[in-house]
Amino acid sequence: METTPNSNRFKITIIGSTNAGKSSLLNAITDQEISIVSDVKGTTTDSVKKAMEFLPFGPVLFIDTAGFNDDSKLGTLRTEKTIKEIRSSDFVIYVIDGRNFNLKLYNENILILKKYSIPYINVVTREEKLNLIQKKEIKKLIKNCFFVNTNDRSSILNFKEILLENLNVLESEPGLLDGISSYGDTIVMVIPIDSEAPKGRLILPQVQLLRAALDKGVKSIVCRDTELEEILNEKKRTDISLIITDSQIFKKVDKMVNDKFPLTSFSIIFARQKGDLKKLISGIEKINSLKDGAQILISENCTHNTSHEDIGRVKIPKLLERKTGKKFRFSFSAGKDFPKDLKKYDLVIHCGACMITKKNMEIRINECEEENVEITNYGLILAYLSGILEKSINSILEYKQ
Ligand code: SF4
């Protein structure tokens, strides 16, 4: 667990006004001087991140953000950055300075959390400086709030217990293979080792799927496309319950499998786990009505180097134009940057989203829906362009409805 990458950790973002005590709270929770603490407003100008094992909950990433109401020159930029952190959070700790509570600002910020459906807890700091009447007043204004003294160990321990209780009731993400494979099944993962494959390692979706199979006691055969035929012909195999291929070689693998086994792709498995599969499938229907010059956004959560074989920037645009016989205008976004002005796009094509949580992907899907923009994903579009969309969805049929 110590080596869990930050992208796979549960993200807890600490927000609030400048000088509300966010950094002191993070330092107290982690028992380390991670964030600089001072009484000067706006001391935390950039987000500060701390990964830790928050037992028994699991690996988390705490993110201490710059405060709202930062009236310095760069304040607006910092607030935008904080909102970006909120959008990719799984949980938020809203820190309030009990002596200096701005209800209007609080209500505005809570609307942001509600918009993105981010669960949160209210924490009022500097409890030691508040009298009973002040505490009562605050409780009247904010229903569920927890008072804390960051200098008092027992107060922090109590808060950690409350935080754990809040985290434990959150719905956990379904496993990648939940409902698709079960104990004792055999699956085949087909991974091409071409010039795009990173040297000496697998990419995250492959690692995560392998781990999901191990967790369920599902036997995995991992091979390149060049060895697949040999494996399928071995002793006239009948024990394979599913073949999962890299989307880029869908067509080639489909020919080899020849309808003898259910076939899907890594991206489709992720589309099902990370978002609304039904919605992403309906995004495919948009392709038929795209006109010449339509604007398409291709969005990835990674900021990896692009190569001439890059799936998002090269392959999908080329295949899509070839299939439709039309010319489109493509835009690209990577990492946390998901455009706000979605209205101008006719279609969004998203990667498998293995680096973000289901909640984060759902936020992106909802933002597209709000702007009436269809969204689909790499695996689905490549299956469609290879003429095997139905087949690759049918293999995980129960998630089709
Ligand atoms: S591009 Fe998307 S699917 Fe691929 S590794 Fe990055 S986050 Fe995962």
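These lines cover the structure that appears in this document, whether it is placed above or below. (Residues numbered from 1 in each chain as written. Predicted model: local features only at pLDDT ≥ 70, side-chain atom pairs only at ≥ 80, totals over all residues. Heavy atoms only, no water.)

### Observations regarding the site of the ligand
For step 1, the next point in the chain: Lining the immediate environment of the ligand, one finds Pro205, Asn301, Cys302, Cys351, Gly352, Ala353, Cys354 and Met355.
For step 2, the next point in the chain: A breakdown of the residues in the shell around the ligand according to their chemical character gives 6 nonpolar, 2 polar and no charged. (Near = heavy atom within 4 Å. Nonpolar A, V, L, I, M, F, W, Y, C, P; charged D, E, K, R; others polar.)

### Looking at the packing of helix α7 (residues 225-233) against helix α8 (residues 250-257)
For step 1, the next point in the chain: Viewed as axis vectors pointing N to C, α7 and α8 meet at an angle of 15°, and their least axial separation amounts to 10 Å. When the interaxial angle is binned, α7 and α8 end up roughly parallel. As for the relative orientation of α7 and α8, their crossing is right-handed in sense. Together, Asp225, Leu228, Glu229 and Leu232 of α7 and Lys252, Val253, Met256 and Val257 of α8 make up the contact between the two elements.
For step 2, the next point in the chain: Of the residues assigned to the contact of α7 with α8, the class counts are 5 nonpolar, no polar and 3 charged. (Axes fitted to C-alpha atoms, helices over the stretch in contact; angles between N-to-C directions. Helix = DSSP H or I, 4+ residues; strand = E, 2+ residues; numbered from the N terminus. Parallel < 35°, antiparallel > 145°, perpendicular 65-115°, else oblique. Left-handed = near helix turned anticlockwise from the far one by under 90°. Contact = heavy atoms within 4.5 Å.)

### Overview of the pairing of strand β5 (residues 120-125)
For step 1, the next point in the chain: Among the 6 residues of β5, 5 are classified as buried, and the element is accordingly described as predominantly covered.
For step 2, the next point in the chain: The pairing of strand β4 (residues 91-97) with β5 spans 6 bridges and is parallel. Residue pairing for β5: Ile96 is matched across the bridge by Val124.
For step 3, the next point in the chain: Once you follow β4 into helix α3 (residues 103-115) and on to β5, the crossover reads as right-handed. (Buried < 20%, exposed > 50% of the residue type's maximum accessible area, 1.4 Å probe, protein only. Pairing = 2+ DSSP bridges. Right-handed = clockwise from strand over helix to strand, strands pointing away.)

### Looking at a positive patch on the surface
For step 1, the next point in the chain: Positive charge collects at one region of the surface, where Lys251, Lys255, Lys318, Arg322 and Lys323 lie side by side.
For step 2, the next point in the chain: Counting only elements with at least two residues in the positive patch, the list comes to α8 and α11 (311-324).
For step 3, the next point in the chain: Ranked by residue count, the leading element in the positive patch is α11, at 3 residues.
For step 4, the next point in the chain: Looking at where Lys318 falls in the secondary structure, it is placed in helix α11. (Patch = residues over 30% accessible without salt bridge, like charges linked within 9 Å, V, L, I, M, F, W, Y side chains within 5 Å. Areas by Shrake-Rupley, 256 points an atom, 1.4 Å probe, with all protein chains shown as cover. Salt bridge = Lys/Arg side-chain N within 4 Å of Asp/Glu carboxyl O. Lys, Arg positive; Asp, Glu negative; His and termini not counted. Charge placed at Lys NZ, Arg CZ, Asp CG, Glu CD.)

### With respect to the side chain of Lys274
For step 1, the next point in the chain: Summarising the element assignment, Lys274 is placed in helix α9 (residues 266-274).
For step 2, the next point in the chain: Among residues more than four places away in sequence, those in contact with Lys274 are Glu173, Gly352, Ala353, Cys354, Ile356, Thr357, Lys358, Met361 and Glu362.

### Topic: the nonpolar core
Soluble, globular proteins show a tendency: their nonpolar side chains are buried together.
For step 1, the next point in the chain: The biggest cluster of nonpolar side chains holds 73 residues, and the ones touching the most others in it are Leu177, Leu228, Ile243, Ile349, Leu380 and Ile381.
For step 2, the next point in the chain: Among the elements that make up this core, the one with the highest residue count is helix α13 (residues 378-385) (7 residues).
For step 3, the next point in the chain: Residues within four places of Ile381 in sequence aside, it is in contact with Ile284, Ile287, Ile316, Leu320, Ile349 and Thr376.
For step 4, the next point in the chain: Counting 24 residues, the second-largest nonpolar core is a separate cluster that includes Phe10, Met52, Val95 and Leu167. (Core = buried A, V, L, I, M, F, W, Y, C linked by side-chain atoms within 4.5 Å.)

### Observations concerning the sheet that holds strand β8 (residues 219-223)
For step 1, the next point in the chain: Strand order in the open sheet formed by 4 strands is β8-β7-β9-β10, and the pairing between neighbours is parallel. A single partner strand is all that each edge strand has here, and the edge strands are β8 and β10 (263-265). Taking each pair of neighbouring strands and ignoring which way they run, the sheet shows an average axis angle of 25°.

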